[in-house]
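Per-entry structural report
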Amino acid sequence: MTPRAPLRPLAIFGIPMAIGLVTTVGLIAALLDDGVVDAVSWVALSVPVLTAVWSWRKRKR
């Protein structure tokens, strides 16, 4: 058996960093203004929830 090549840090932490960035944008947008910015914050803050639901449904049982 040959050893596998190590994964790059971006391959491991890329998606969690993107989710964290989108969540941060959503939290900041929720603090700033009303109206369209509230819609942006709702969409951004739903990303972690939808990601968790998607991964829960996708896993093998």
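Residues numbered from 1 in each chain as written. Predicted model: local features only at pLDDT ≥ 70, side-chain atom pairs only at ≥ 80, totals over all residues. Heavy atoms only, no water.

The next point concerns the overall build of the protein. Looking only at helices and strands, the protein features two helices and zero strands. For 61 residues, the compact-globule formula gives about 10 Å, and the C-alpha radius of gyration of the protein, at 16 Å, lies well above that figure. Across its three principal directions, the C-alpha atoms of the protein cover 60 × 30 × 10 Å. Counting the 61 residues in the protein, one finds 7% classified as buried. (Helix = DSSP H or I, 4+ residues; strand = E, 2+ residues; numbered from the N terminus. Rg over C-alpha atoms; globule rule 2.2 N^0.38 Å. Buried < 20%, exposed > 50% of the residue type's maximum accessible area, 1.4 Å probe, protein only.)

Along the chain, S41 turns up in helix 2 (residues 36-58). Within the structure, S41 has its side chain in polar contact with the backbone oxygen of D38 (distance 2.7 Å). For S41, the residues in contact, after removing those within four places along its chain, are G26, A29 and A30. (Polar contact = N/O pair within 3.5 Å; in protein donor to acceptor, adjacent residues only side chain to side chain. Contact = heavy atoms within 4.5 Å.)

Moving on: helix 1 (residues 9-32). Taking 1.5 Å of rise per residue, the 24 residues of helix 1 would be expected to cover 34 Å, and the 33 Å separating its terminal C-alpha atoms lies within 8% of that figure. Where helix 1 bends most, at I15, the angle is about 35°, and the proline P16 comes one to four residues later. (Expected span 1.5 Å × (residues − 1). Bend = angle between axes of the 7 residues up to and from the residue.)

Here helix 1 crosses helix 2 at 150°, and the two axes come no closer than 8 Å. Helix 1 and helix 2 meet at a crossing whose hand is left-handed. Judged by residue contacts, I19, V22, T23, G26, L27, A29 and A30 of helix 1 engage V37, D38, V40, S41, A44, L45, V47, P48 and T51 from helix 2. Considering only residue class, the contact of helix 1 with helix 2 consists of 11 nonpolar, four polar and one charged. (Axes fitted to C-alpha atoms, helices over the stretch in contact; angles between N-to-C directions. Left-handed = near helix turned anticlockwise from the far one by under 90°. Nonpolar A, V, L, I, M, F, W, Y, C, P; charged D, E, K, R; others polar.)

For the rest of this paragraph, the subject is the environment of A29. By secondary structure assignment, the location of A29 is in helix 1. Exposure remark for A29: the relative accessible area of 8% places this residue in the buried category. Here the alpha-carbon distance between A29 and S46, two residues 17 residues apart in the chain, equals 13 Å. Those residues in contact with A29 that sit more than four places away from it in its chain are V37, V40 and S41.

Here the focus is helix 2. Taking 1.5 Å of rise per residue, 23 residues should cover 33 Å, and helix 2 covers 32 Å from first to last C-alpha, within 8% of that figure. Considering bend angle alone, the principal kink of helix 2 is centred on V47 and spans about 35°; proline P48 follows within four residues of it.

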